[in-house]
Amino acid sequence: MASWLRDPQRFKILLQIPIQILMNFTAMIPFALTWYVGMTNWIPQIAIEWWKAEFVGPLNFIKAVADQLFLESILRTLFIAAVCVPVEFLLGFLVAYVFAGNFFGKRFFTLAAVVPMMVVPAAGGYVFYLIFIGSGPANGLLQLLGVIKDPIPFLNDPTWALASIMLADIWQWTPFIFLIMSAALLSLPQDPINAAYVLGATKWYTFRRVALPMMKRPMMIAILLRAVESIKIFDYPYMMTGGGPGYSTQTISMNLYESGFKYLKYGLTASQSLLILITLIVVGWYAVKPLRAAQIGR
Amino acid sequence: MMKVQYENLLYTAIKYLFGLGVTFFALFPIYWMLTMALKPFAEWSPTEVHWWPWDPTTLNFLVLFFRKDTLVEWGLVKPAEPLIHDTATKAILNSLLFSTFGTAVALLVGTFAAYAMSRYRAGGDYMFLTFRMLPPIAILMPVVIWFSTLRLMDSPIGMILLYSLFPVPFVIWLMRSFFDDLPREIDEAALMDGCSPAMTFVRVILPLVRGGFAVTALFIFILNWSDLIVALTITQRISVTIPVQIGLFESDAGHMYGIMAALGTVAVIPTLVFGLAIQKYLVRGLTFGAIKG
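Residues numbered from 1 in each chain as written. Chains lettered and ligands numbered in written order. Predicted model: local features only at pLDDT ≥ 70, side-chain atom pairs only at ≥ 80, totals over all residues.

Student: Please set out the overall build of chain A residue by residue, giving values where relevant.
Tutor: A tally of regular secondary structure across chain A gives 14 helices and zero strands. Reading chain A from its N end, one meets helices and strands in the order α-α-α-α-α-α-α-α-α-α-α-α-α-α. At 25 Å, chain A has a C-alpha radius of gyration far larger than the 19 Å of a compact globule built from 298 residues. Principal-axis analysis of the C-alpha atoms gives chain A an extent of 80 × 75 × 35 Å. Within chain A, buried positions represent 43% of all 298 residues. (Helix = DSSP H or I, 4+ residues; strand = E, 2+ residues; numbered from the N terminus. Rg over C-alpha atoms; globule rule 2.2 N^0.38 Å. Buried ≥ 20, exposed ≤ 12 C-beta atoms within 10 Å, placed from the backbone.)

Student: Would you mind going over helix α7 (residues 156-165) of chain B in detail, with residue names and values included?
Tutor: Of all 10 residues that make up α7(B), eight are buried, and the element is covered over most of its length. Within α7(B), the full set of buried residues consists of G158(B), M159(B), I160(B), L161(B), L162(B), Y163(B), S164(B) and L165(B). The inward-facing, buried residues of α7(B) contact α1 (8-37) of chain A together with α4 (89-120), α6 (136-150), α8 (168-181), α11 (210-226) and α12 (229-234) of chain B. (Contact = placed C-beta atoms within 7 Å.)

Student: With reference to specific residues and values, describe the domain arrangement of chain B.
Tutor: All names here are of chain B. Domain boundaries assigned for chain B yield domain 1 (2-65) and domain 2 (89-286). With centres defined by C-alpha atoms, the gap from domain 1 to domain 2 works out at 32 Å. If you list the elements that add at least two residues to the side of domain 1 that touches domain 2, you get α1 (2-37) and α2 (59-65). A per-element tally of the side of domain 1 that touches domain 2 places α2 first, with five residues. (Domains from an automatic or database assignment.)

Student: Run through the environment of P135(B), naming residues and quoting values.
Tutor: Looking at the secondary structure, you find P135(B) in the loop between α5 (125-133) and α6. Looking at P135(B), the number of C-beta atoms within 10 Å reads 23, which means it is buried. The residues touching P135(B), leaving out its near neighbours within four places in the chain, are I231(A), K232(A), I252(A), S253(A) and I276(A).

Student: So what's going on with the interface of chain B and chain A? Residues and values would help.
Tutor: Many descriptions give the size of an interface as the accessible area lost when the pieces come together. Contacts between chain B and chain A engage 77 residues on the former and 80 residues on the latter. By residue class, the composition of the side of chain B that touches chain A is 58 nonpolar, 18 polar and one charged. (Nonpolar A, V, L, I, M, F, W, Y, C, P; charged D, E, K, R; others polar.)

Student: For the packing of α1(A) against α7(B), give the residues involved together with the corresponding values.
Tutor: Contact pair α1(A) / α7(B): the axes reach a minimum separation of 10 Å and the direction vectors enclose 110°. The angle between α1(A) and α7(B) falls in the class roughly perpendicular. By crossing handedness, the relation of α1(A) to α7(B) is classed as left-handed. Mapping the contact onto sequence places L22(A), T26(A) and A27(A) in α1(A) and L161(B), L162(B), S164(B) and L165(B) in α7(B). Each residue belonging to the contact of α1(A) with α7(B) can be placed in one class, and the counts come to five nonpolar, two polar and no charged. (Axes fitted to C-alpha atoms, helices over the stretch in contact; angles between N-to-C directions. Parallel < 35°, antiparallel > 145°, perpendicular 65-115°, else oblique. Left-handed = near helix turned anticlockwise from the far one by under 90°.)

Student: Account for the nonpolar core, with residues named and values stated.
Tutor: If you look at the biggest cluster of nonpolar residues, it comprises 162 residues, and the most contacted ones within it are A123(A), I180(A), V171(B) and L263(B). With 14 residues, helix α7 (residues 158-186) of chain A is the largest single contributor of residues to this core. Structurally, this core is a two-domain feature, drawing no fewer than three residues from each of domain 1 (2-65) and domain 2 (89-286) of chain B. (Core = buried A, V, L, I, M, F, W, Y, C linked by C-beta atoms within 7 Å.)

Student: A description of the confidence of the model for chain B should follow, citing residues and the corresponding values.
Tutor: Overall, the prediction assigns chain B a mean pLDDT of 85, with 94% of residues at 70 or greater. Predicted complex, confidence summary: ipTM 0.89, pTM 0.90. (pLDDT = per-residue confidence, 0-100.)

Student: Give me the environment of S164(B): which residues, what numbers.
Tutor: Here S164(B) is to be found in helix α7. A residue is classified by how many C-beta atoms lie within 10 Å of it, and S164(B), with 26 of them, is buried. The contacts of S164(B), once residues within four sequence positions are left out, are L22(A), G102(B), V105(B), A106(B) and V109(B).

Student: Residues and numbers for α11(B), please.
Tutor: Between the first and last C-alpha of α11(B) there are 24 Å, a value that for 17 residues agrees with the 24 Å anticipated at 1.5 Å per step. Every buried residue belonging to α11(B) is among V215(B), T216(B), F219(B), I220(B), F221(B), I222(B), L223(B), N224(B), W225(B) and S226(B), and all of these are buried. At its buried positions, α11(B) is contacted by α5 (121-132) of chain A together with α4, α7, α8, α14 (257-277) and α15 (282-286) of chain B. (Expected span 1.5 Å × (residues − 1).)

Student: Which residues make up the environment of N102(A), and what are the values?
Tutor: You can see N102(A) is positioned in the loop between α3 (68-98) and α4 (106-114). As a C-alpha pair, N102(A) and R76(A) span 26 residues in sequence and 42 Å in three-dimensional space.

Next comes the structure, spelled out in C-alpha cells:
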C-alpha cells in the first residue's frame, strides 16, 4: 500500500480538506468580500455588480451606527431575550421538576410537553398568527370567559404584538429547557440528597442547598444556548407581524432582512451585518466557554 | 396518618391539573393548525370562532398537490371559487431535495473533521461553536453578495451548499461526542494489527458509530427542513422551500388560511416523526454534545 496512506499526520490533513473547502468557499470568501462591499453604497438597481458601486469608505459604518431603526431593533431584541429566557427557564424547570419521578401518565405528559419544539418554526409562527387574528381562538376564548367584550387587535397593537411573539417563542422553546433540566434532575446522585434528609433538612432546603448546586452546569448551558438563540429570533416576527405594526416588532434579524432584501440597501446592510458579526464573534468566543468546558471536561 | 394521605391526594391532584394545563398549552396550536387545515373556505375566518370544523374537508390538502383546472375537472371546486393557481408540489420536492443533499454533504464533511478533532487533536472546534452562535441573516448578507457574483442565487446548488454549511457545527460536535464515547484502545489495536489510519477510520470506527451517525443525520435533516431564513434570502421563484411557500400563499381573496395550514401540517409531519424517533438524543444534539441526556 502506498506509504503516504500510513502517515497519521497526512491522514489528519486529508480529513480536514473537505471542511476547509466548504468553510472557505461559502463563509470566509464572502466574509472577506463584505469588508469591501460594506464600504460601498451598493444598491443592485443602480449598479448591478458590486465592483461598479461607488466606494464611500468607512462612512457606512458611521451611518449604520446612526441608523435609528437598527439601534431600536437591537434594544428590542435584547428586551425579548431578557423576558423570554427567564420565563422559559423558570417554566421549563418547573415542568421538569413536577414531571420528575414516576407517576401514571408520565410518558404522555412528557411527550406532549416536548412536541412544540419539533414544530417547524415557520409553521408555528403561522399558527400563532391564526390564533391571534381578530377572529381567532385567543379572542374567542377571552370572550367566552367574559374577560373582554370586543376583540383585542393582538397583532395590530405594538405592545400586544410584541407580547404575542414572545408567547410564541415561549411556547416553542420552553420544552428545550424542560428536556435539559429533566436530564439534569434524572442524573442527580441520590446519596447526598438522602443524606440531607436523614440529617433532618427540609425538602426546600435540600433542593436549594444540595440539588441546585449540583445542577449548575446544565442550568448555565441551558440559559446560554437559549440566550444565543433568542438573539437570532426571526421566524416568529416574520410570520406573525412582518415586523409591524410600523417597526414595533422588528428584531435585529428582521431589520437586516428588510433593509437588505426588501429595500435592497446592500452596502449599508453589509456594514451592519459586519458590525453584528464582529460583536457576536467576540461575545460568543467568551460565552461558549462553559459549554466547551462541559464538552471537554465531561 | 389521615392528614398525610390528604396531603398526598392534594399534591397528586395539583400535579395532574398542572400536567393537563401544560398539555393544553403545548398541543392547542397543533390542534388549531390541523383543524384549520380541515376547514372549508367559509369557516376560515368566521365571525364566531369555530372550535372544530363544522363541515370538514380534505380539499385544502388536495389543492397543495393538484392544479385548480384538475380539481374543477373532477367537480370538486367551482371555477369561480378563489383558489391559488400554483400547487405546492415544487416547494415540497425542493425541501426534500435540499434538506437531503445538504444533510448528506454536511454529514460527510463534518464526520471527517470530527474524527480528526477526536483522534488527532485537530483544531478549529471552538471556531465552529462560535460560528453557530452568529445570527444566520448576518452571515447570509455576505453570502448573497458572493452568490450573486457567481450566479448561484435561487439555484439548487447554492441552497445545498448553504444547507451543508449551517448545520456543520452540529455535525462536528455531535459526531465528536460519539467518537469520544469509543475507547481509544480500539483505534490503537487496529493500528497495531497493521491497519492504515484511513482503514481504521472506515472499517473499524465508522461501523461502531453508525447508531450515532443515524441520529445525527435525522437531527440535521430536521434543522434543514425547518429553515426559513436561508431559503427566504437565497430563493426567489425556482427553488422555494415549504417554509417560504407558507408565507407566499396569498391571492386576491386574501390569506388562504386553510391551505397555508394544510401546508404547515405537511411541513410538521416529518419533523415530528423524526424528532420523536431521536427524542433520547435531542438534548445531546441541541447542547452540542455537552449534556448526554
